[in-house]
Amino acid sequence: MDIMKTYKYETHLHTKQASACGHSGGEDYIEPFFKAGYSGIFVTDHFFGGNTCVSREANWHQRIDEYCSGYEAALAKAESFNRENGLTGTDREFKVFFGIEQTFNGDDYLVYGLGKEWLYEHPEVETMRHQELFEAVNRENGLMIQAHPFRLRDYIRAIHVHPREVHGVEIYNAGNRPQENELAELYAKQYEFPVTSGSDIHDVNFMIPSPEKLPLGGMEFDTPLKDIFDYAQRIKNKEGKIIR
């Protein structure tokens, strides 16, 4: 009996090039995720409202170049990996997509659809509040997901939710405690939100099999993603399967 092939994507990933808490370069993730059965990753480094390692002294274009360097390193590695393994142009081609994780007073949002050129042209994004960012994402047909909404740590002063200013909720995050994921799922059900899953990985060594390590996350689809806007639309349509 034929087993239908599916396509798994990591949706929440950090690199040491742009996230101060990152331990692995964007280039380090490609082969491990491919070997783990994934078809691609979304690089979502901490933006300037969060735990970024990007210099605040440089000009805007330089800061954006630095911010995007983890994604670009991952993309370059994926392109060479695909060429070397004869995957380019096939449904097994490993893809890398660009995203942002922006933070407002401890609550984090995964943003998909605002690319490097858009960031160059919109320095005001750094000081946008929830509603302004949500409206900007909507104008670009992108996607704004609240990440791990019920995570509570020493560095997070309070839990905030903004149900009018998101398209959906991350209900599985591999860095969360189980009860935090359960609360996120209950919240999403209450508001009938689309849902996503991600590992929130900061270190490729997290992928080494070990009883002490949590499983990876991500989204699984029946067909490969074409681009980031395809992903945004599929999530809004409540397509895809949660990996947890």
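Residues numbered from 1 in each chain as written. Predicted model: local features only at pLDDT ≥ 70, side-chain atom pairs only at ≥ 80, totals over all residues. Heavy atoms only, no water.

Q: Hey, could you run me through the pairing of strand S1 (residues 7–13) in this one?
A: Side chains on a regular strand alternate between the two faces of the sheet. Where burial is concerned, most of S1 is hidden: six out of the seven residues are buried. As paired strands, S1 and strand S2 (residues 38–43) are joined by four bridges and run parallel to one another. Bridge pairing in S2 places Glu-10 opposite Ile-41. Where the polypeptide runs from S1 across helix H1 (residues 30–35) and back to S2, its parallel neighbour, the crossover connection is right-handed. (Buried < 20%, exposed > 50% of the residue type's maximum accessible area, 1.4 Å probe, protein only. Helix = DSSP H or I, 4+ residues; strand = E, 2+ residues; numbered from the N terminus. Pairing = 2+ DSSP bridges. Right-handed = clockwise from strand over helix to strand, strands pointing away.)

Q: Just to check I follow, could you spell out unusual backbone geometry for this structure?
A: Working note: non-glycine residues mostly have negative phi, and peptide bonds are mostly trans. Phi angles above zero are rare outside glycine, and Glu-192 is one such case at about 55°. Relative to the helices and strands, Glu-192 is located in the loop between helix H5 (178–191) and strand S7 (195–198).

Q: I tried to follow the nonpolar core on my own but got confused; where do I start?
A: Generally speaking, a soluble globular protein has its nonpolar side chains buried in company with each other. Counting 71 residues, the largest nonpolar core has Phe-33 and Ile-41 as its most contacted members. Considering each element in turn, this core owes the most residues, eight residues, to helix H2 (residues 60–84). (Core = buried A, V, L, I, M, F, W, Y, C linked by side-chain atoms within 4.5 Å.)

Q: Just checking my understanding: could you explain the layout of surface pockets for this structure?
A: Within this model, the largest pocket holds a volume of roughly 320 Å³. Taken together, 19 residues line the largest pocket, and the ones lying closest to its centre are His-46, Asp-108, His-148, Arg-151 and Tyr-155. Counted by class, the lining of the largest pocket contains three nonpolar, eleven polar and five charged residues. (1 Å grid on protein atoms, 1.4 Å probe; cavity = no way out; pocket = protein on both sides within 12 Å on 5 of 7 lines; lining within 4 Å. Points joined across faces, edges and corners; volume = space filled by probe spheres on them. Nonpolar A, V, L, I, M, F, W, Y, C, P; charged D, E, K, R; others polar.)

Q: Explain the sheet that holds strand S8 (residues 218–221) to me, please; I cannot follow it from the model alone.
A: Backbone hydrogen bonds are what pair the strands of a sheet, in a parallel or an antiparallel way. One open sheet holds the nine strands; their spatial order is S7-S6-S5-S4-S3-S2-S1-S8-S9, and the pairing between them is mixed. Because the sheet does not close on itself, it has two edges, and the strands there are S7 and strand S9 (241–243). Across this sheet, the average inter-strand angle for adjacent strands is 30°, counted without regard to direction. Sheet analysis places S1 next to S8, joined by three bridges and oriented antiparallel. Across the sheet, Tyr-7 pairs through a bridge with Phe-221, a residue of S8. (Axes fitted to C-alpha atoms, helices over the stretch in contact; angles between N-to-C directions.)

Q: Sorry, what's going on with empty space enclosed by the protein here?
A: Counted according to the given criterion, the structure contains two cavities of 30 Å³ or more. There is about 60 Å³ of room inside the largest cavity. As for the largest cavity, its lining consists of Gly-106, Asp-107, Asp-108, Gln-146, Ala-147, His-148, Pro-149, Arg-151, Ile-156, Ala-158, Ile-159 and His-160. By volume, the second largest cavity amounts to about 50 Å³. Residue contributions to the lining of the second largest cavity peak at three residues, all from strand S3 (residues 95–104). Taken together, the residues that form the lining of the second largest cavity break down as eight nonpolar, one polar and no charged.

Q: Is there a simple way to think about the state of the cysteines in this case?
A: All told, the structure shown has zero disulfides when counted by the stated rule. Here Cys-21 stays unpaired: no disulfide links it, and the sulfur of Cys-53, its closest cysteine neighbor, is 8.6 Å away. Note on Cys-21: relative accessible area 22%, which makes it partly exposed. Using a relative accessible area of 33% as the deciding quantity, one classes Cys-53 as partly exposed. (Disulfide = S-S within 2.5 Å.)

Q: Which parts of the structure should I look at to understand the pattern of salt bridges?
A: Proximity of charged atoms lets side chains of opposite charge pair with each other. A complete count under the given rule lists ten salt bridges for this structure. Residues Arg-151 and Asp-200 are paired through a salt bridge, measuring 3.2 Å at the closest nitrogen-oxygen approach. With a gap of 49 residues between them, Arg-151 in the loop between strand S5 (143–147) and strand S6 (168–173) and Asp-200 in the loop between S7 and S8 connect regions that are remote in the sequence. Each member of the pair, Arg-151 as well as Asp-200, carries the same accessibility label: buried. For Glu-185, the salt bridge identified is with Arg-244, shortest N-O distance 3.0 Å. Taken together, the positions of Glu-185 in helix H5 and Arg-244 in the segment after S9 put the pair 59 residues apart, joining distant regions of the chain. Here Glu-185 falls in the partly exposed class, since its relative accessible area comes to 21%. Residue Arg-244 is classed as exposed on the basis of its relative accessible area of 52%. (Salt bridge = Lys/Arg side-chain N within 4 Å of Asp/Glu carboxyl O.)

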